[in-house]
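# Summary of structural features
These are the residues of each chain, in order.
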Amino acid sequence: MYKIIVYFNLIIFSLIGWKVISSNPDVVTNDISICHTGPSEMIAFLDDPKFVAFHPAPIPFDFNPMGEMITFPSPDGKKAGGYFLKAEEASDNWLFVYQEWWGLNDNIKEESEKFYNDLGGKVNVLALDMYDGNVTANPQEAMGFMRGTDEKRLENIVLAGKNFAGKNARIANVGWCFGGGWSLKSALLLGDQNVGSIIYYGMPIRDVDQLKKLNSDVLGLFATEQNISKEIIEEFATAMDKAGKDLEYKIFPGVHGFANPSNAKHDPELTNEAYGMALGYLKGKFK
């Protein structure tokens, strides 16, 4: 039940179980144990010089934000935050945006604004701050932030965004690298409020039983690399098929991070192609 568009090679992850339960009856949480591949396995990649080399310090650029940083309650009793662009008119359509390993930096904010504008200002866009305010342009610091992530805290941030959006929200997800894996995990955490997930060269869940709970199809926009390999992506595709879920994916002939304009390895042509696929996918979800 999936479309396969395969041109070159790619990257990926392993399986860990996790669960978050809130003691606050007024806060919506998910009692869901997710076998996943994600930040924990990417931590192992941090010891691979070739993987680290795909993450040169971002190229500085001028950015004038049109959105605002906000905070909202998290199910674990803490505060969560994000970069928010409110729809011009009241709307239950939402897009959650997930950062790369740098944190919620200007590149992610700019990408959020691009989606917001190209969706006609009709969709609420929220880029969740998965590092609780930590952001850097230093690869070594980014590695430290990523190593220090806590799965339960990350899950609570997603659920905080869900609560902020409201019970009637229809939520799609998009993310790159670290955030690419979280785009799919978020889709599972959102339950029946999820309407779609876009993975840019991120680590996908391959557990069939978990994927059966997915409330949408998935669009995968992968790179040519050895960590998230072509074989692992095909394993993901097989798992989606067994779960009865639709998957469309393409392995682009570009390196990890090819779609990041602030990355020295950025490929504008491939970025435009991938973005066109992502935008078309989202427009279909928000008709």
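Use the structure listed above.
A short tour of the structure in this document, coming up.

Rules and cut-offs
- Residues numbered from 1 in each chain as written.
- Predicted model: local features only at pLDDT ≥ 70, side-chain atom pairs only at ≥ 80, totals over all residues.
- Heavy atoms only, no water.
- Helix = DSSP H or I, 4+ residues; strand = E, 2+ residues; numbered from the N terminus.
- Buried < 20%, exposed > 50% of the residue type's maximum accessible area, 1.4 Å probe, protein only.
- Contact = heavy atoms within 4.5 Å.
- Areas by Shrake-Rupley, 256 points an atom, 1.4 Å probe, with all protein chains shown as cover.
- Salt bridge = Lys/Arg side-chain N within 4 Å of Asp/Glu carboxyl O.
- Lys, Arg positive; Asp, Glu negative; His and termini not counted.
- Pairing = 2+ DSSP bridges.
- Right-handed = clockwise from strand over helix to strand, strands pointing away.
- Axes fitted to C-alpha atoms, helices over the stretch in contact; angles between N-to-C directions.
- Parallel < 35°, antiparallel > 145°, perpendicular 65-115°, else oblique.
- Left-handed = near helix turned anticlockwise from the far one by under 90°.
- Nonpolar A, V, L, I, M, F, W, Y, C, P; charged D, E, K, R; others polar.

### So, the overall build of the protein chain
Helix and strand content of the protein chain: 9 helices and 9 strands. When each of the 287 residues of the protein chain is scored for burial, the buried share is 58%. At a minimum sequence separation of 6, the contacts of the protein chain that also span at least 24 residues come to 76%. As presented, the protein chain carries roughly 11,400 Å² of accessible surface, and 49% of it is formed by carbon and sulfur atoms.

### Let's talk about the environment of Lys78
Position of Lys78 relative to the elements: it lies in the loop between β2 (68-73) and β3 (79-85). Taking C-alpha positions, Lys78 is 9.6 Å from Ala160, a pair spaced 82 residues apart along the chain. Setting aside chain neighbours within four positions, we find Lys78 in contact with Phe72, Pro73 and Arg153.

### Remarks on the pattern of salt bridges
Counted by the stated rule, this structure contains 8 salt bridges. Linking Asp217 and Lys285 is a salt bridge whose minimum nitrogen-to-oxygen distance equals 2.7 Å. On the criterion of sequence distance, the pair formed by Asp217 in the loop between α7 (208-211) and β8 (218-222) and Lys285 in helix α9 (residues 268-285) is long-range, its members being 68 residues apart. With a relative accessible area of 23%, Asp217 lands in the partly exposed category. Taking the shortest distance from any N to any O, the salt bridge between Lys250 and Glu273 comes out at 2.2 Å. Of this pair, Lys250 sits in strand β9 (residues 247-251) while Glu273 is found in helix α9, placing the two residues 23 residues apart along the sequence. Since its relative accessible area comes to 35%, Glu273 is described here as partly exposed. A network of salt bridges, in which partner residues are shared, links Asp76, Asp132 and Arg153.

### Observations concerning the side chain of Glu113
Topologically, Glu113 is positioned in helix α3 (residues 106-118). Here Glu113 sits buried without a salt bridge, and the closest side chain of opposite charge, Lys109, lies 8.5 Å off (N-O distance). Each residue touching Glu113, except ones within four places of it in the same chain, is listed here: Phe63, Asn64, Pro65, Met66, Gly67, Tyr83 and Leu85.

### Re the pairing of β9
Each regular strand displays side chains that alternate between the two surfaces of the sheet. Counted residue by residue, β9 has 4 buried out of 5 residues, so it is predominantly covered. In the sheet, β8 pairs with β9 via 5 bridges, with the strands oriented parallel. When the bridges of β9 are listed, Leu221 appears paired with Lys250. Read as a crossover between parallel neighbours, the route from β8 over helix α8 (residues 230-242) to β9 is right-handed.

### Regarding unusual backbone geometry
Keep in mind that most residues, glycine aside, have a negative phi and that most peptide bonds are trans. Residues other than glycine seldom take positive phi values, yet Asp132 does so here, at roughly 50°. Tracing the sequence through the fold places Asp132 in the loop between β5 (124-128) and α4 (139-147). The phi dihedral of Cys177 falls on the positive side, at around 55°, and the residue is not glycine. As for its position among the elements, Cys177 is in the loop between β6 (170-176) and α6 (178-189). Cys177 sits in the buried class, given a relative accessible area of 1%.

### Looking at the packing of helix α5 (residues 151-165) against α6
With their axes 11 Å apart at the nearest point, α5 and α6 run at an angle of 60° to one another. Considered as vectors, α5 and α6 are oriented oblique to each other. Two packed elements cross with a definite hand, and for α5 against α6 that hand is right-handed. Residues Glu151, Leu154, Glu155, Val158, Leu159 and Lys162 of α5 lie in contact with α6, whose contacting residues are Phe178, Trp182, Ser186 and Leu189. Here the residues of the contact of α5 with α6 are counted per class, giving 6 nonpolar, 1 polar and 3 charged.

It is worth stressing that arrangement in space is one thing and function is another; only the former is reported here.
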